[in-house]
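# Coordinate analysis (summary)
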Amino acid sequence: MDFKRFFGDTILTTKIESVVNWGRKYSLWPMPYGTACCAIEFMGTVSSQFDVSRFGAEVVRFSPRQSDLLLVMGTINYKQAPALKKIYEQMCEPKWVVAVGACAASGGFYNNYSVLQGIDEIIPVDVYVPGCPPRPEQILDAVMKIQAKIDYHA
Amino acid sequence: MLEVLKQKFGSAILDHHQNYGDETVVVDRASILEVMKFLKQNAACPFNLFLDLGGVDYPNRNPRFELVYHLYSLPRNRRIRIKTALPESDLKIRSVISVWESADWFEREAFDMFGIHFEGHPNLKRLLMWEGFQGHPLRKDYPIDKRQPIPVMADLV
Ligand code: SF4
């Protein structure tokens, strides 16, 4: 049947995945895993000045089972690495991970016996945010990159 | 306080000095418990608050390790520092938990970071590093970029 001729401009054709992902990308539910100074920047990011809700990611959950975007903000040491891994595993698919700041991305300037040299040693990371700490705009940029990634997979 | 200690413990007081009103006493480690008991219990200036315990590693010195106790007297508003040296070959000292219970975690930390054994400690295990960690990271000869296997989740309760 020729939809176009029959319905004119009143319908759109697409794939179910694209529609679902279009919804997903504007309703990311972040789980902040804040362990150090970088987490303070996240407070700015969710507050009125920068307002992450413009990107649909303002519903911050403190339970991994209710969220799909893990934001690791701060220094992760070896002792808590298993806890972070467990939290990641508790999140339902699909899920994304952002390593916010030098510490989460690479260990930062803590090249010592106690600090994990980047969380990608234990969990997969989608976006790395540089900076010590990063500006809130950079965290917003990371959210946009995640959105682009969701789109790309549709 | 220095004079009192010297009179009471004599040769166990190896050295002492005083800068800007902060008294420091170097004590023979064999008498540490007696000196600590006296400092806490004496009526004139009871040091009833155990502030801190730190370890120091002097790789080129003999004896190599040192413990530094920081005490504070709440009623008299005075501080004192007690130092004691420990040789590498015999790294142990008597625990002061029987005098101040708050010494518990400080001693565990010193054990964790420097490998100093506190005799009489009821639960001498690592405090900051995880079970299975090899070595003592605050020793000067611990390699700065040495990495150890990532631990598995410990039981939380
Ligand atoms: S990257 Fe810098 S600001 Fe962020 S947690 Fe590490 S030390 Fe703090």
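Look up: the structure comes first, before these words.
Our subject in this report is the structure included herewith.

### Considering the overall build of chain B
- For chain B, the helix and strand inventory stands at three helices and seven strands.
- By its C-alpha atoms, chain B is 50 × 40 × 30 Å across when sized along the principal axes.
- Intrachain contacts of chain B at a sequence separation of at least 6 include 49% that bridge at least 24 residues.
- Measuring between centres, the 21 positive side-chain charges of chain B sit 3 Å from its 21 negative side-chain charges.

### A few points about the site of the ligand
- Around the ligand lies a shell formed by Ala36(A), Cys37(A), Cys38(A), Gly74(A), Thr75(A), Ala102(A), Cys103(A), Phe109(A), Gly131(A), Cys132(A) and Pro133(A).
- Per-class residue counts for the shell around the ligand are eight nonpolar, three polar and no charged.

### Description of the environment of Thr13(A)
Residues and elements named next belong to chain A.
- Among the secondary structure elements, Thr13 is positioned in the loop between helix H1 (3–7) and helix H2 (16–25).
- Note on Thr13: relative accessible area 68%, which makes it exposed.
- Taking the C-alpha atoms as reference points, Thr13 and Phe3, separated by ten residues in sequence, lie 9.2 Å from one another.

### Thoughts on the sheet that holds strand E2 (residues 22–27) of chain B
All names here are of chain B.
- Ordered in space as E1-E2-E5-E4-E3, the five strands form an open sheet in which the pairing is mixed. Looking at the sheet topology across the chains shown, the edges are occupied by strand E1 (13–19) and strand E3 (49–57). For this sheet, the mean inter-axis angle between neighbouring strands, taken without regard to orientation, is 20°.
- Taken together, the six bridges between E1 and E2 define a ladder with antiparallel strand orientation. By the bridge assignment for E2, His17 is matched with Thr24.
- Seen against the sheet, helix H2 (residues 32–41) touches E2, strand E4 (65–73) and strand E5 (78–86) and runs at an angle of roughly 175° to E5.
- Strands in contact with helix H3 (residues 103–114) are E3 and E4; relative to E3, the strand with the most contacts, it is inclined by about 5°.

### Concerning the sheet that holds strand E2 (residues 69–73) of chain A
Residue and element names in this part refer to chain A.
- Across the sheet, which stays open at both edges, the four strands sit in the order E1-E2-E3-E4 with parallel pairing between neighbours. Lying at the two open borders of the sheet, with one neighbouring strand each, are strand E1 (30–34) and strand E4 (127–129). The mean inter-strand angle of the sheet, taken between neighbouring strand axes irrespective of direction, is 15°.
- Inspection of the sheet shows E2 paired to strand E3 (residues 96–100) by five bridges, in the parallel sense. By the bridge assignment for E3, Met73 is matched with Val100.
- Its contacts with the sheet put helix H3 (residues 38–46) on E1, E2 and E3, and the angle it makes with E2 is roughly 130°.

### Describing the interface of chain B and chain A
- Listed as interface residues are 18 residues of chain B and, on the opposing side, 14 residues of chain A.
- Both faces combined, the contact of chain B with chain A buries some 1200 Å², and carbon together with sulfur accounts for 67% of it.
- Taken together, the connections running from chain B to chain A amount to zero salt bridges.
- Linking chain B with chain A are five residue pairs in polar contact (both at pLDDT 80 or more).

### Quick word on helix H1 (residues 2–9) of chain B
Residues and elements named next belong to chain B.
- All of the buried residues along H1 are Leu2, Leu5 and Phe9. Buried positions in H1, seen along its axis, are confined to an arc of 65° and lie on one side of it.
- Tucked inside the fold, the buried residues of H1 contact E1, E2, H2 and E5.
- A positive phi of about 55° marks Gly10, the residue just after H1.

### Some words on the pattern of salt bridges
All names here are of chain B.
- As enumerated under the stated definition, the model contains 14 salt bridges over all chains in all.
- A salt bridge links Glu23 to Arg78, with the shortest nitrogen-to-oxygen separation between them at 3.1 Å. Of the two residues, Glu23 is situated in strand E2 and Arg78 in strand E5; the sequence distance between them amounts to 55 residues.
- The exposure class of Glu23 is buried, given its relative accessible area of 6%.
- Owing to a relative accessible area of 32%, Arg78 belongs among the partly exposed residues under this scheme.
- The residue Lys92 makes a salt bridge to Asp90 at a minimum N-O spacing of 3.2 Å.
- Overall, Asp90 belongs to the partly exposed group, its relative accessible area being 27%.
- One connected set of salt bridges, linked through shared partners, spans Asp57, Arg64, Glu88 and Asp141.

### Concerning unusual backbone geometry
- Put simply, Cys132(A) and Pro133(A) share a cis peptide bond, and its omega is -5°.
- One can find Pro133(A) in the loop between E4 and helix H6 (136–153).
- A cis geometry characterises the amide bond from Asn62(B) onward to Pro63(B), with omega recorded as -5°.
- You can see Pro63(B) is positioned in the loop between E3 and E4.
- Not every positive phi belongs to a glycine, and Asp51(A) is a case in point at roughly 60°.
- Relative to the elements of secondary structure, Asp51(A) occurs in the loop between H3 and E2.
- The phi angle at Asn77(B) is positive, at roughly 55°, despite the residue not being glycine.
- If you trace the backbone, Asn77(B) turns up in the loop between E4 and E5.
- Assessed through its relative accessible area of 54%, Asn77(B) is described here as exposed.

Basis of the calculations
- In every chain, residue numbers begin from 1 and rise along the written sequence.
- All chains are assigned letters beginning at A, and all ligands numbers beginning at 1, according to the order in which they are written.
- Only residues with pLDDT of at least 70 get local features here, since the model is predicted, and only at 80 or more are side-chain atom pairs given and counted; chain-wide, interface and lining totals rely on the full set of residues.
- The side-chain quantities take in all heavy atoms of the structure and omit both hydrogens and water.
- Numbering goes from the N terminus for both helices and strands, where a helix is a DSSP run of H or I of at least four residues and a strand is a run of E of at least two.
- By definition in these notes, contact holds between two residues if any of their heavy atoms fall within 4.5 Å.
- Positive charges are assigned to Lys and Arg, negative charges to Asp and Glu, while His and the chain termini are left out of the count.
- Lysine's charge is taken at NZ, arginine's at CZ, aspartate's at CG and glutamate's at CD.
- Being near a molecule or strand, for a residue, comes down to having at least one heavy atom within 4 Å of it.
- Residue polarity is assigned by list, with Asp, Glu, Lys and Arg as charged and Ala, Val, Leu, Ile, Met, Phe, Trp, Tyr, Cys and Pro as nonpolar; anything else, Gly included, falls into the polar class.
- Exposed residues in this analysis have more than 50% of their type's maximum accessible area, buried residues have under 20%, and partly exposed residues fall in between, with area computed by a 1.4 Å probe over protein chains only.
- A pair of strands is labelled paired if DSSP reports no fewer than 2 bridges between them.
- The axes used here are C-alpha line fits, helices contributing only the stretch in contact, and every angle between their N-to-C directions lies in the interval 0 to 180 degrees.
- A quick way to say it: buried area is the sum, across both parts, of accessible area lost when two parts are put together, with a 1.4 Å probe.
- We count a salt bridge whenever a side-chain nitrogen from Lys or Arg sits within 4 Å of a carboxyl oxygen from Asp or Glu.
- As used in this structure description, the phrase polar contact means that two N or O atoms lie within 3.5 Å; if the pair is within protein, one of them must be able to donate a hydrogen and the other to accept it, and residues adjacent in sequence are counted only when both atoms belong to side chains.
- Think of the arc as the fan of directions from the helix axis to the C-beta atoms.

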